[in-house]
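Residue-level structure breakdown
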Amino acid sequence: MIKHHNYALGLTWMFILFVIPLPLIQTLAVGLPADYADEFQAIYFGAIAYSWMLVAIYLSTRPKWLDRLIGLPDMYVIHGILSIAAIYLIYLHQSETESMGWIKTTGNWAYWLLLGILAYSLIFMAGWLTSRVPFIGIIKKWLEPLFKHEYSIWIHRLTLVATVLVFIHVILINYVVAITPFMIWFYAYSGFVLVAYVWAKVTNTKGSFRGTLTKNIEIADNIRELTIRPNDDAKVTLLPGDYVFMSFPTIKGLRELHPFSLVNSPTDSKNIVLAIRGDGDFTRSLDGVPDGTQVKFTGGYGRYDTFLSNQPQDTNIVILAGGIGVVPLLSVVDAHPNRNIRMFYTAHREADLIYGDKFKNWQNREHFQIAQQVGRFGISEVLRSLPNDWQRNTLFLIGGPSKMMRHWKRELRRHGVMAGQIYSEEFDW
Ligand SMILES: Cc1cc2nc3c(=O)[nH]c(=O)nc-3n(C[C@H](O)[C@H](O)[C@H](O)COP(=O)(O)OP(=O)(O)OC[C@H]3O[C@@H](n4cnc5c(N)ncnc54)[C@H](O)[C@@H]3O)c2cc1C
């Protein structure tokens, strides 16, 4: 029986929203002096905001265990929404409490800094938002040549300065510091996130895997295929459909890690094959990277395989792929030669339909069928072409631009497909 619902995301939200702030609220409720009764609520808001800021920082370290549970794209959505909510609570906290001296100054600095970072990040760092609100997307496209993603990352990191300011703000408040149980939780949460952050930075810099670029060829207009051979000591765990963060540490301008999905099934070969479309500075510079260049990468990330493994192995798979979003799904098809798979693959131009040779090979399989064309398939066209009993016993995997993914999810749901039967992974964060 197909599992129709995925509770992990909902539970994660509940845990973050309610359980994490609870010890801070509880210890404050017991320990705050009655003189401040008028400000209790605003103080709780401040504590909740701080705990959410810490969670947002923790999520930015891309914890692998959570990625396999809910996926990085959803983690980034949580990160963004939590940050917005935290800033709103800080606003309420600030307008309903009175403070002086450095307590006031650190609080104000943190608030204005966060507000500035928020405004900047909503335009440049929130793909989940820009892909939904065309107006912000247009501003982003317009300003992006000036504010490159690499700079945006550094501006975004000022959140850490704001968090330190909030930390100082709290430890300057005598009547709060006097509440020992609160301070234990406060230091424990802050310390945990500090260690997790530093650890993630160390592993990203030193502990990430190394490999060598063995092949770099153009496979279509503006799309390159890169083959990377991980070093022998690189103990990489990759699953079909995964993506890795990859960079070239020896080449100026290509040192920042970027996410790219696997083309091949990692169960068949140790090599990592990526297909990359030239969308910006990093991806358009790849034609100049020679074979033999050292590669740094981290991963694997992604949940296509977890999603499939959590469901009965005799379910059918329908793949809806658009443009470069087809890449992780190639890896999935590669890894499942015996599953019933129907694939619908579209692109804007004939020339963008890549890996025709792979599809030809796979069509020799007994259980694989593909339909590909320029321009969208209609929902009825897709559903009509499936055998009668398929809809209930089928998993739908979608890969493509966010707009296309949302379109298919809406249409599938409208035609009775349950949310738990559909999985997609966005390329815009
Ligand atoms: C999970 C995932 C898998 C992906 N798989 C593929 C793939 O297989 N093939 C492919 O061609 N593309 C893939 N992408 C997209 C690819 O990562 C971006 O196109 C690339 O990072 C753009 O970098 P750039 O400097 O060339 O362009 P820029 O002009 O800097 O960026 C273009 C857009 O890409 C996004 N972006 C830039 N840098 C990063 C980064 N470090 N992390 C996250 N997003 C970033 C930003 O939203 C930006 O607006 C994937 C993205 C994600 C999130």
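What you see is a predicted model, and the numbers here were worked out from it, not measured in a lab.

1. Quick notes on the sheet that holds strand β10 (residues 394-399)
The five strands lie next to each other as β9-β8-β7-β10-β11, forming an open sheet whose pairing is parallel. The open sheet has two edge strands with one neighbour each: β9 (368-374) and β11 (422-424). Going from strand to strand, the sheet's axes swing by 15 degrees on average, the running direction of each strand aside. Sheet strands touched by helix α18 (residues 402-414): β7 (316-322), β10 and β11. Its angle to β10, the strand with the most contacts, is close to 160 degrees.

2. Notes on the UniProt feature "transmembrane region" (unreviewed entry) in the chain
Taking the UniProt record as the reference, the feature "transmembrane region" (unreviewed entry) is found at residues 7-30, 42-60, 72-91, 111-130, 151-176 and 182-200. Here residues 42-60 runs as 100% helix and 0% strand, with 27 Å between its end C-alpha atoms. The span residues 72-91 carries 100% helix and 0% strand; its end-to-end C-alpha distance comes to 28 Å.

3. Topic: the nonpolar core
Counting 57 residues, the largest nonpolar core has Leu28, Leu32, Trp52, Leu72, Leu89 and Phe182 as the members making the most contacts within it. The residues that make up this core include at least three from each of domain 1 (8-206) and domain 2 (208-302). Excluding its chain neighbours within four sequence positions, the residues that come into contact with Leu89 are Phe45, Ile48, Ala49 and Trp52. Formed by 32 residues, the second largest nonpolar core is a distinct cluster that contains Val326, Leu330, Ile341 and Leu395.

4. Notes on unusual backbone geometry
In most cases, non-glycine residues show a negative phi, while peptide bonds are predominantly trans. Look at the link from Gly299 to Gly300: it is a cis peptide, with omega at 0 degrees. Looking at where Gly300 falls in the secondary structure, it is placed in strand β6 (residues 294-301). For Tyr355, which is not a glycine, the phi torsion comes out positive at approximately 60 degrees. Among the secondary structure elements, Tyr355 is positioned in the loop between β8 (341-347) and α16 (356-362). For Tyr355, a relative accessible area of 10% corresponds to the buried category.

5. Here's the deal with the domain arrangement of the chain
Split by domain assignment, the chain resolves into domain 1 (8-206), domain 2 (208-302) and domain 3 (305-424). Taking only C-alpha atoms, the centre of domain 1 and the centre of domain 2 are 32 Å apart. On the side of domain 2, 17 residues touch domain 1, which itself brings 14 residues to the contact. With both chains or domains summed, domain 1 and domain 2 bury close to 1,300 Å², and 38% of this area falls on carbon and sulfur atoms. Linking domain 1 to domain 2 there are one salt bridge. Residues Asp242 and Arg68 are paired through a salt bridge, measuring 2.9 Å at the closest nitrogen-oxygen approach. Put simply, domain 1 and domain 2 have five residue pairs in polar contact (both at pLDDT 80 or more) between them. Residue assignment for the side of domain 1 that touches domain 2 shows that the elements contributing at least two residues are α4 (64-70), α5 (72-96), α9 (149-156) and α12 (180-207). Among the elements that line the side of domain 1 that touches domain 2, the one with the most residues is α12, at four residues. Grouping the constituent residues of the side of domain 1 that touches domain 2 by class yields three nonpolar, three polar and eight charged.

6. Observations concerning the packing of aromatic side chains
When we look at a pair of aromatic rings, we describe it by the centre distance and by the angle of the planes. Evaluation of the coordinates by the stated rule reveals 28 aromatic pairs. Ring plane angle 25 degrees and centroid distance 6.5 Å describe the contact between Phe248 and Phe282, whose orientation is recorded as stacked. Pair noted here: Phe248 is in the loop between β3 (243-247) and β4 (258-261) and Phe282 is in helix α13 (residues 281-284), with a separation of 34 residues, a long-range link. Here the two residues Phe248 and Phe282 agree in accessibility, since each one is buried. Each residue in the set Tyr50, Phe167, Phe182, Phe186 and Tyr187 is aromatic and connected to the rest through ring pairs, giving one cluster. Positioned above the aromatic ring of Phe245 is the side chain of Arg62, whose terminal nitrogen or guanidinium carbon lies 3.7 Å from the ring centre. Between Lys64 and the ring centre of Tyr301, over which it is positioned, the NZ or CZ distance is 5.6 Å.

7. Focus on the site of the ligand
Near the ligand, the surroundings consist of 22 residues, among which Glu144, His258, Pro259, Arg277 and Thr283 are the closest. One of the backbone nitrogen or oxygen atoms of Phe282 is found 3.1 Å away from an oxygen atom of the ligand. Taking Thr283, its side chain carries an N or O atom lying 2.5 Å from an oxygen atom of the ligand. Protein contact buries 91% of the 880 Å² of open area that the ligand shows by itself. The greatest single-element share of the shell around the ligand, amounting to four residues, is contributed by β4.

8. Overview of a nonpolar patch on the surface
There is a patch of nonpolar side chains on the surface, built from Trp102, Trp109, Val164, Ile168, Ile171, Leu172, Val177 and Tyr187 and spanning about 740 Å² of accessible area. Going through the elements one at a time, α6 (101-124) and α10 (158-171) are the ones with two or more residues in the nonpolar patch. With three residues, the single largest contributor to the nonpolar patch is α10. You can see Trp102 is positioned in helix α6.

About the cut-offs
Residues numbered from 1 in each chain as written. Predicted model: local features only at pLDDT ≥ 70, side-chain atom pairs only at ≥ 80, totals over all residues. Heavy atoms only, no water. Pairing = 2+ DSSP bridges. Helix = DSSP H or I, 4+ residues; strand = E, 2+ residues; numbered from the N terminus. Axes fitted to C-alpha atoms, helices over the stretch in contact; angles between N-to-C directions. Contact = heavy atoms within 4.5 Å. UniProt positions renumbered as here; feature names shortened; annotations may be inferred. Core = buried A, V, L, I, M, F, W, Y, C linked by side-chain atoms within 4.5 Å. Buried < 20%, exposed > 50% of the residue type's maximum accessible area, 1.4 Å probe, protein only. Domains from an automatic or database assignment. Buried area = accessible area lost by both parts, 1.4 Å probe. Salt bridge = Lys/Arg side-chain N within 4 Å of Asp/Glu carboxyl O. Polar contact = N/O pair within 3.5 Å; in protein donor to acceptor, adjacent residues only side chain to side chain. Nonpolar A, V, L, I, M, F, W, Y, C, P; charged D, E, K, R; others polar. Phe/Tyr/Trp six-rings, centres within 6.5 Å; stacked < 30°, edge-to-face > 60°. Lys NZ or Arg CZ within 6 Å of the ring centre and 35° of its normal. Near = heavy atom within 4 Å. Areas by Shrake-Rupley, 256 points an atom, 1.4 Å probe, with all protein chains shown as cover. Patch = residues over 30% accessible without salt bridge, like charges linked within 9 Å, V, L, I, M, F, W, Y side chains within 5 Å.

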